[in-house]
Amino acid sequence: MCYVRSTERYRQPPVGLLLALVSKLSTAARRLVLGRPFRSDRLSHTLLPKRIALPVFASDALSSVAYAPEQVFLILSMAGLAAYSLTPWIGLAVAAVMLVVVASYRQNVHAYPSGGGDFEVVTTNLGDNAGLTVASALMVDYVLTVAVSTASAMSNIGSAIPYVAEHKVLFSVIAVLLVTAMNLRGVRESGVAFAIPTYAFIIGMGAMLGWGFFRIFMLGDQLKAESAGFEMQAEHGKIAGFALVFLVARSFSSGCAALTGVEAISNGVPAFRKPKSRNAATTLLMLGTISVTLLMGIILLANKTGVQIAENPAKQLSGAPPHYIQKTLVAQLAQTVFGSFHIGFLLVTAATALILALAANTAFNGFPVLGAVLAQHSYLPRQLHTRGDRLAFSNGIVFLSVAALLAIISFSAEVSALIQLYIVGVFISFTLSQIGMVRHWTRLLHNETEPVARRKMIRSRIVNTIGFLSTGTVLLVVLVTKFVAGAWIAVVTMAALFILMKAIRRHYDAVSRELREQEAEREEMVLPSRNHALVLVSKLHLPTLRALAYARATRPDVLEAITVSVDDAETRELVRKWEDSDITVPLKVIASPYREITRPVLDYVKRLNKESPRTVVTVFIPEYVVGHWWEQLLHNQSALRLKGRLLFMPNVMVTSVPWQLSSSERLKPMQPHLAPGDARRGIFD
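Keep in mind it's a predicted model, so treat the numbers as computed, not measured. Here the residue index of a chain counts from 1 through its sequence in written order. pLDDT decides what is reported in this predicted model: residues at 70 or higher carry local features, side-chain atom pairs at 80 or more are listed and counted, and totals for whole chains, interfaces and linings draw on all residues regardless. To obtain the side-chain values, all non-hydrogen atoms of the structure were included, while hydrogens and water were left out.

On a plain count of helices and strands, the chain comes out with 25 helices and eight strands. Partly exposed residues are those whose accessible area sits between 20% and 50% of the maximum for their type, while under 20% is buried and over 50% is exposed, using a 1.4 Å probe and protein chains only. Counting all 685 residues of the chain, 50% fall into the buried class. Helix and strand labels come from DSSP, where a helix needs a run of H or I of at least four residues and a strand needs a run of E of at least two; each type is numbered from the N terminus.

Right under this line is the structure:
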């Protein structure tokens, strides 16, 4: 019987040399990807100014302007060209909801600047269950934000590069991994990286809209998009009455995708520089102003230039050239506005594709903060509350990345499939958050007597009430128009997350309750009266002698060596050598008729516990330290199984006594350098 220790001698668990080598290599790779680690006292250096916070937290909301107007046109195309006359009104409705939501969340960041966002607002004012509902909704929506944004970017790029379209799942996975790596470097560095494409998109879209309207209204140019001359047919014939109302409602709900990501700023207030809440509120106002301007500008310019976007171009657009490939709405507008200035068209389309690919960054900044808050409240594993080397919530970033990759692979990176699951969660959180804020201001008004403060609170309550009515209406429309189309999957996932987080909280509460009860009973606990030491013996060799020497040094009340007899001849030879040696520790032989090792030792330890309940049993296990991964295959792993079982036994302590074989010398360059105090900690060269 031989017992094997892991490849690392000092501080790593016994998981094998291969894992140790991989760990060393991964450390070097991590430094290459992430950079050098930051000290905890440098956290303030990672905080964001408004100019960087805008692209960090608003890239999703801004990028959605690139496809939300197109969704409005696509849905209305089912009713034919005449329905396009409704697009400005639908755009105004979406813009109004966005402004209301922005105004409402400006109240949120002032009232709750700790970064809990909707979860904190709803939990504080509506209770734990409502807070968990919001948290589960936001988590699902953050995952879908990454999946939809990445898949949409690959679809846009794939329309120009067929190879990307043919392998869009692969390219989507690569894009998510790149965004993950950038965020693992820390929010400030990722913010600098994302600032350039975000501002390029804003400038490019602003230039396109400004030049387009200047040519139309100032120069009198008759701008016509390439699809303006086509004749659009209703996909299912003439649509009127309730069917038209439903279609308009569905178009409005699809356009409301432009609101996704607004809530991320309320979750990311701690990442702003001081004054945090004021800077976050200013960033929200900037986001709302830019988004509404671009949204309405795109819709109005599309109407002026006669752009036609069909759900089914082959059937709905007559007069189109053979093998016509429908460009995106933004691409058609850029082509029309810039005309022969082809560079302008390329810059706008490139910036649009890039910001769509990077729009997932909003979720990568919102999700980890939300996960950290939930972990702090014991609804998620505590590891999500831990900051990584670069002071980012690395575990939350990795968790989001894995979940998004699963969604992308499961739905083959198809935007049309993923978009049906989208925005349900965000409007659930919008609605409950506004209800919570109304209750928040009502509670404060009961205790406030100062007239100026009361007027301010009343004004804030009115804003949040309007926000609740607006987002609640949109939520109802979204559920009615999208539930059967796929939104039910998101709802089921939210319910599953809700149940999981409740179970995690119950577990943590049970552990805390158990520890409190034990703490209360600590004074009544019976102290161990004796220490009974056991040294496991397979052969009489140097590892065994070292284990015996160490066991003696602990000065136990009783010390004995035990061996399990699985081969009579070997056991007799061991007993003979033991008796001929000068070892004074008695050797006890435990019979094992079925040639087991673990169970006889466990039965013997149980017997000792039963005979003397106040005795602590300390088991010393000699182990080899090997230097090659393949050496572990040549040695028995009985020690690992035995230790795993002994850990569950009461009043039993397990001590590993390492013996370094010569092959382990090759690992010495990988060991940490000695430092003052290492000898006292048991680290020797």
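Moving on: unusual backbone geometry. For Ser 378, which is not glycine, the phi torsion reads 70° and is therefore positive. In this fold, Ser 378 is placed in the loop between α16 (360-376) and α17 (394-410). For Ser 378, a relative accessible area of 11% gives the class buried. Residue Asn 651 is not a glycine yet carries a positive backbone phi of 60°. Here Asn 651 lies in the loop between α25 (638-646) and β8 (652-660).

Each α-helix winds once per 3.6 residues, and so residues spaced three or four apart point in a common direction. Here helix α22 (residues 568-580) is 13 residues long and its end C-alpha atoms lie 18 Å apart, about the 18 Å a rise of 1.5 Å per residue gives. Within the span of α22, buried status applies to Thr 571, Leu 574 and Trp 578. On an axial view of α22, the arc spanned by its buried residues comes to 60°, and they lie on one face. Along α22, the residues that are exposed and aim more than 90 degrees away from the buried face are Asp 568, Arg 572, Glu 579 and Asp 580. Expected helix span is given by 1.5 Å per residue-to-residue step, counting one fewer step than there are residues. The arc in question is formed by the directions pointing from the helix axis toward the C-beta atoms.

Let us look at the confidence of the model for the chain. Note: pLDDT gives the predictor's confidence per residue, expressed from 0 to 100. This prediction gives the chain a mean pLDDT of 78; 81% of its residues lie at or above 70. Any two residues having at least one pair of non-hydrogen atoms within 4.5 Å are treated as being in contact. Scored below 50 in pLDDT, residues 38-45 shows 11 contacts in the model against residues more than four places distant or in partner chains. Within the model, pLDDT remains below 50 along residues 669-685, and this stretch shows 19 contacts once partners closer than five positions in the same chain are excluded.

Moving on: the pairing of strand β4 (residues 530-536). For β4, a buried count of five out of seven residues is recorded, marking the element as mostly surrounded by other parts of the structure. Here a strand pair is declared whenever DSSP counts at least two bridges between the two strands. In this structure, β4 lies alongside strand β7 (residues 615-625), joined through six bridges in parallel fashion. When the bridges of β7 are listed, His 532 appears paired with Val 617. Of the pairings in the sheet, the one linking β4 to strand β5 (residues 558-565) comprises five bridges and is parallel in character. Residue Val 535 lies in a different strand from β5, and its bridge partner there is Ala 561. The path from the first strand over the helix to the second decides the hand: if it runs clockwise while the strands point away from the viewer, the crossover is right-handed. As a crossover connection, the stretch from β4 through helix α21 (residues 542-553) into β5 is right-handed.

A few words on the pattern of salt bridges. As a working rule, side chains carrying opposite charge can pair if their charged atoms are close by. Basic side-chain nitrogens of Lys or Arg form a salt bridge, by our definition, when they fall within 4 Å of a carboxyl oxygen of Asp or Glu. Using the criterion set out here, one finds seven salt bridges in the structure. We note a salt bridge from Asp 221 to Arg 215, for which the minimum N-O separation is 3.0 Å. For Asp 221, a relative accessible area of 27% puts it in the partly exposed group. Looking at Arg 215, the relative accessible area reads 18%, which means it is buried. Through salt bridges that share partners, Glu 573, Arg 576 and Asp 580 make up one connected network.

Bringing the side chain of Asn 609 into the picture now. Relative to the assigned elements, Asn 609 resides in helix α23 (residues 598-611). Looking at Asn 609, the relative accessible area reads 14%, which means it is buried. Asn 609 has contacts with Thr 615, Val 617, Met 649, Pro 650, Asn 651 and Val 652, leaving out every residue within four places of it along the chain.

For the rest of this paragraph, the subject is the packing of α16 against α17. It is at 8 Å that the axes of α16 and α17 come closest, and there the two elements cross at 120°. Taken as axis vectors, α16 and α17 run oblique relative to one another. The element α16 and its partner α17 pack so that their crossing is right-handed. Touching Ala 363, Phe 364, Phe 367 and Pro 368 of α16 are Gly 396, Ile 397, Phe 399, Leu 400 and Ser 401, all from α17. Here the contact of α16 with α17 is composed, by residue class, of seven nonpolar, two polar and no charged. Only the stretch in contact is used when a helix axis is fitted, and all axes are lines through C-alpha atoms; the angle between N-to-C directions ranges over 0 to 180 degrees. With respect to orientation, any angle under 35 degrees is reported as roughly parallel, any angle over 145 as roughly antiparallel, any angle of 65 to 115 as roughly perpendicular, and every other angle as oblique. Rotating anticlockwise by less than a right angle from the far helix to the near helix defines a left-handed crossing, while the corresponding clockwise rotation defines a right-handed one. Any residue that is not Ala, Val, Leu, Ile, Met, Phe, Trp, Tyr, Cys, Pro, Asp, Glu, Lys or Arg is counted as polar, Gly included; the first ten are nonpolar and the last four charged.

Two numbers describe a pair of aromatic rings. These are the distance of the centres and the angle of the planes. Ring pairs shown here join Phe, Tyr and Trp side chains whose ring centres sit within 6.5 Å, with only the six-membered ring taken for Trp; geometry is labelled stacked below 30 degrees between planes, edge-to-face above 60, and tilted in between. Going through the model one piece at a time under the given rule, you end up with 11 aromatic pairs. Ring plane angle 20° and centroid distance 5.7 Å describe the contact between Trp 211 and Phe 214, whose orientation is recorded as stacked. With a gap of three residues between them, Trp 211 and Phe 214 both fall in helix α9 (residues 187-218), about one helical turn apart. For Trp 211, a relative accessible area of 38% gives the class partly exposed. For Phe 214, a relative accessible area of 36% gives the class partly exposed. Where Phe 213 meets Phe 217, the ring centres are 6.0 Å apart and the plane angle is 25°; that geometry is what we call stacked.

Examined against the element boundaries, Gln 308 turns out to sit in the loop between α12 (276-305) and α13 (313-316). Side-chain atoms alone can form a polar contact between residues adjacent in sequence; in general such a contact is a pair of N or O atoms within 3.5 Å, and within protein one must be able to donate a hydrogen while the other accepts it. For Gln 308, the side chain forms a polar contact with the main-chain oxygen of Phe 230, separated by 2.9 Å. Other than its neighbours up to four places away in sequence, Gln 308 contacts Leu 81, Tyr 84, Ser 227, Ala 228, Phe 230, Glu 231, Met 232, Leu 317, Gln 326 and Gln 332.

The next subject is the packing of helix α2 (residues 50-63) against helix α15 (residues 342-358). Running from N to C, α2 and α15 cross one another at 120°; their axes reach a closest spacing of 9 Å. Accordingly, the angle class assigned to the pair α2 and α15 is oblique. Crossing geometry of α2 relative to α15 is assigned as left-handed. Judged by residue contacts, Ser 59, Leu 62 and Ser 63 of α2 engage Ile 355, Leu 356 and Leu 358 from α15. Of the residues that constitute the contact of α2 with α15, the class distribution is four nonpolar, two polar and no charged.

Right, let's get into the nonpolar core. With 149 residues, the main nonpolar core has Met 208, Leu 374 and Phe 427 as its most contacted residues. If you tally residues by element for this core, the top one is helix α6 (residues 128-160), at 17 residues. Setting aside its immediate chain neighbours within four residues, Phe 427 contacts Cys 256, Leu 259, Thr 471, Val 474 and Leu 475. Listed in part, the 19 residues of the second largest apolar core include Leu 536, Tyr 604, Ala 639 and Leu 646. Nonpolar cores were defined as sets of buried Ala, Val, Leu, Ile, Met, Phe, Trp, Tyr and Cys residues, with membership established by side-chain atoms within 4.5 Å.

By secondary structure assignment, the location of Arg 273 is in the loop between α11 (264-267) and α12. Expressed as a C-alpha distance, the spacing of Arg 273 and Pro 49, which sit 224 residues apart in the sequence, is 5.7 Å.

Turning our eyes to something else, we now look at the environment of Val 616. Secondary-structure assignment places Val 616 in strand β7. For the pair formed by Val 616 and Val 652, sequence separation is 36 residues and the distance between their alpha carbons is 5.9 Å.

Moving on to the environment of Phe 73. Along the chain, the position of Phe 73 falls in helix α3 (residues 68-76). Under the relative-accessibility criterion, Phe 73 is labelled buried at 1%. Between the C-alpha atom of Phe 73 and that of Val 307, which follows or precedes it by 234 residues, the distance is 9.2 Å. Aside from chain neighbours lying at most four places away, what touches Phe 73 is Tyr 84, Thr 87, Ile 299, Ala 302, Asn 303, Ile 309 and Leu 329.

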